[in-house]
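# What the coordinates show
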Amino acid sequence: MLEQIVEPLLGWFGEHARILPWREQPQPYRVWVSEIMLQQTRVEAVKPFFERFTQALPDVRSLAECPEDKLLKLWEGLGYYNRVRNMQKAARNMVEFYDGEMPADYEKLLGLPGIGPYTAGAVASIAFEIPVPAVDGNVLRVITRITQNDGDILKQSVKRQVEEELLAVMPKGRSGAFNQALMELGATVCVPNGAPKCEECPLSGVCLAHQNGKEMDYPKKAQKKPRKIEKKTVLVIRDGSRAAIRKRPAKGLLAGLYELPNLSGWLSQDEVLDWLKQEGLSPIRIRRLSDAKHIFSHIEWHMTGYVVLVEELENYFGKDMLFIEPKRTEEEYPIPAAFSAYTAYLQIRLGQEKYDEK
């Protein structure tokens, strides 16, 4: 059945493919960087991050040699920081074993840190024209609607089934275009949220879900467990010219990044003042800030905040906190977007916020 989708899909893609920076210059490194960034991030949001990252780190060797703080700062605003750490591990592996180049081999790509079947398939097919599928959420949605596949797309067995079906119809010499066409169709026509635009779809004539009026019944997906909720009190501590930040632990959520000081639970004003005094600080004024929420994949932070003015910090000898000029945080210290509701009080702009102004 899927043999019928190849030619109409490629014809549609030739006319409707978006102009994207990684498509204009589809070198293996650029394809790889774009695919990692595009995981759970919209195309339009990725563009400025991609340009910034590839200008600063234009090849595998420069990524392998990049200091961690600079690397995390370049990634700031994209989240999922372990992805860029794994990219650096993979880059160092490529420097050691592949002379600083991405291997033109699906299995070797799959053996690199942080590269799974989808990313290996995307790089192999787009950059090297190796006929392997690249199955992400967009592709799963398109194929399960076309075939009316009732399997749970969160199961690896269903994903493997789709990969095998696509491998059997992969067009020789056009595997990269075929994979990108499926992704593009899923992103722009057979969309993830809301009704698909079937009247614009080149495959509506062979789509079983469309023929049976069941487009919205697919793909099938088991309900996820509810996220764990963590309550936090975030502190914006200033002495007039400087502000407090601290480095998170080397392992765990947002490992190694900088953050605004924060405490577990929702603390009262008096509890915050007591904590500050225990830290050796002398608060002058305190003001409650608005509540905020940040959602990670498995956790939600429900936050309340305070901005606190303290006495000059020349005599502060605390071990955990750094007091720096806010402008330096913008340039040197990667603070995750989870704190964006409160960094505004430091006149700090994080990640994408810088580009939204342009």
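Residues numbered from 1 in each chain as written. Predicted model: local features only at pLDDT ≥ 70, side-chain atom pairs only at ≥ 80, totals over all residues. Heavy atoms only, no water.

Looking at an unreviewed UniProt entry, one finds the chain named Adenine DNA glycosylase, with Faecalicatena fissicatena as its source organism. The UniProt entry for the chain carries the following comment under Sequence similarities (unreviewed entry): "Belongs to the Nth/MutY family." In its Function (unreviewed entry) section, UniProt records this for the chain: "Adenine glycosylase active on G-A mispairs." (UniProt positions renumbered as here; feature names shortened; annotations may be inferred.)

The next subject is the overall build of the chain. When helices and strands are tallied, the chain shows 17 helices and seven strands. Dimensions of the chain, computed from C-alpha atoms along their principal axes, come out at roughly 75 × 50 × 35 Å. Taken across its 358 residues, the chain has 51% of its residues classed as buried. Contacts in the chain between residues far apart in sequence, at least 24 positions, make up 68% of those at least 6 positions apart. Accessible surface for the chain amounts to roughly 17,800 Å². Of this, 48% is attributable to carbon and sulfur atoms. Looking at charge distribution, the chain has the averaged site of its 48 positive side-chain charges lying 3 Å from that of its 49 negative ones. (Helix = DSSP H or I, 4+ residues; strand = E, 2+ residues; numbered from the N terminus. Buried < 20%, exposed > 50% of the residue type's maximum accessible area, 1.4 Å probe, protein only. Contact = heavy atoms within 4.5 Å. Areas by Shrake-Rupley, 256 points an atom, 1.4 Å probe, with all protein chains shown as cover. Lys, Arg positive; Asp, Glu negative; His and termini not counted. Charge placed at Lys NZ, Arg CZ, Asp CG, Glu CD.)

For helix α9 (residues 117–128), with twelve residues, the first-to-last C-alpha span of 15 Å sits near the 16 Å given by 1.5 Å per residue. Of all twelve residues that make up α9, nine are buried, and the element is covered over most of its length. Elements in contact with the buried residues of α9: α3 (28–37), α8 (106–110), α11 (156–167) and α12 (175–188). Glu129, located one to two residues past α9, shows a positive phi value of around 55°. (Expected span 1.5 Å × (residues − 1).)

Attention shifts here to helix α10 (residues 137–147). The element α10 is extensively covered by neighbouring structure, given that nine of its eleven residues are classed as buried. Burial in α10 covers these residues: Asn138, Val139, Leu140, Arg141, Val142, Ile143, Thr144, Arg145 and Ile146. Buried residues along α10 sit against α11, α12 and α13 (208–211). Near the N-terminus of α10, the side chain that reaches the backbone nitrogen of Asn138, with its oxygen 3.2 Å away, is that of Asp136. (Polar contact = N/O pair within 3.5 Å; in protein donor to acceptor, adjacent residues only side chain to side chain.)

What follows deals with the pattern of salt bridges. Any two side chains of opposite charge can pair, given that their charged atoms come close. Counting across every chain of the model gives 14 salt bridges. With its nearest N and O atoms 3.2 Å apart, the salt bridge here joins Asp291 to Arg288. Here the salt bridges share partners, and the residues they tie into one network are Arg18, Arg23 and Glu184. (Salt bridge = Lys/Arg side-chain N within 4 Å of Asp/Glu carboxyl O.)

Glancing now at the packing of aromatic side chains. Going through the model one piece at a time under the given rule, you end up with six aromatic pairs. Summarising the aromatic geometry, the rings of Tyr29 and Trp32 are spaced 6.1 Å apart at their centres and angled 70° between planes, so their arrangement reads as edge-to-face. Here Trp32 and Tyr29 lie together in helix α3, a separation of three residues that amounts to about one turn. Consider the rings of Phe296 and Trp301, whose centres lie 5.0 Å apart with planes at 70°: the pair is edge-to-face. (Phe/Tyr/Trp six-rings, centres within 6.5 Å; stacked < 30°, edge-to-face > 60°.)

Our focus in this paragraph is the UniProt feature "domain: HhH-GPD" (unreviewed entry) in the chain. The UniProt record marks residues 37–188 with the feature "domain: HhH-GPD" (unreviewed entry), using the residue numbering of this structure. As annotated, residues 37–188 has a helix share of 66% and a strand share of 0%, and its two end C-alpha atoms lie 18 Å apart.

All right, on to the side chain of Glu184 then. The residue Glu184 is located in helix α12 in this model. If near-sequence neighbours (up to four positions away) are discounted, Glu184 is found in contact with Trp12, Phe13, His16, Ala17, Arg18, Arg23 and Val189.

What follows covers the packing of α3 against helix α4 (residues 43–56). One way to put it is that α3 packs onto α4 with a least axis distance of 10 Å and a crossing angle of 140°. In terms of their interaxial angle, α3 and α4 are classed as oblique. For the element pair α3 and α4, the recorded crossing hand is right-handed. Touching Tyr29, Arg30, Val33, Ser34 and Met37 of α3 are Val46, Phe49, Phe50, Phe53 and Thr54, all from α4. Partitioned by chemical class, the residues of the contact of α3 with α4 number seven nonpolar, two polar and one charged. (Axes fitted to C-alpha atoms, helices over the stretch in contact; angles between N-to-C directions. Parallel < 35°, antiparallel > 145°, perpendicular 65-115°, else oblique. Left-handed = near helix turned anticlockwise from the far one by under 90°. Nonpolar A, V, L, I, M, F, W, Y, C, P; charged D, E, K, R; others polar.)

Another point: the domain arrangement of the chain. Segmenting the chain into domains produces domain 1 (2–217) and domain 2 (228–354). Computed from C-alpha coordinates alone, the two centres of domain 1 and domain 2 are separated by 36 Å. Listed as interface residues are twelve residues of domain 1 and, on the opposing side, 20 residues of domain 2. Taking both sides of the interface into account, the surface hidden between domain 1 and domain 2 amounts to around 1,100 Å²; carbon and sulfur atoms contribute 51%. Applying the counting rule to domain 1 against domain 2 returns one salt bridge. (Domains from an automatic or database assignment. Buried area = accessible area lost by both parts, 1.4 Å probe.)

Attention now moves to the pairing of strand β2 (residues 243–247). Counting buried positions along β2 gives four out of five residues, so the element sits mostly inside the fold. Relative to strand β7 (residues 321–324), β2 runs antiparallel, the two being bridged by four bridges. When the sheet's bridge partners are listed, Arg246 is paired in β7 with Met321. Sheet topology note: the β2/strand β3 (residues 258–259) ladder contains two bridges and is antiparallel. Directly across from Lys247, in β3, lies its bridge partner Tyr258. (Pairing = 2+ DSSP bridges.)

The next point concerns the confidence of the model for the chain. Here the chain averages 91 in pLDDT, while 95% of its residues score no lower than 70. The spread of mean pLDDT over the elements of the chain runs between helix α17 (residues 352–356), the lowest at 38, and helix α5 (residues 60–65), the highest at 98. (pLDDT = per-residue confidence, 0-100.)

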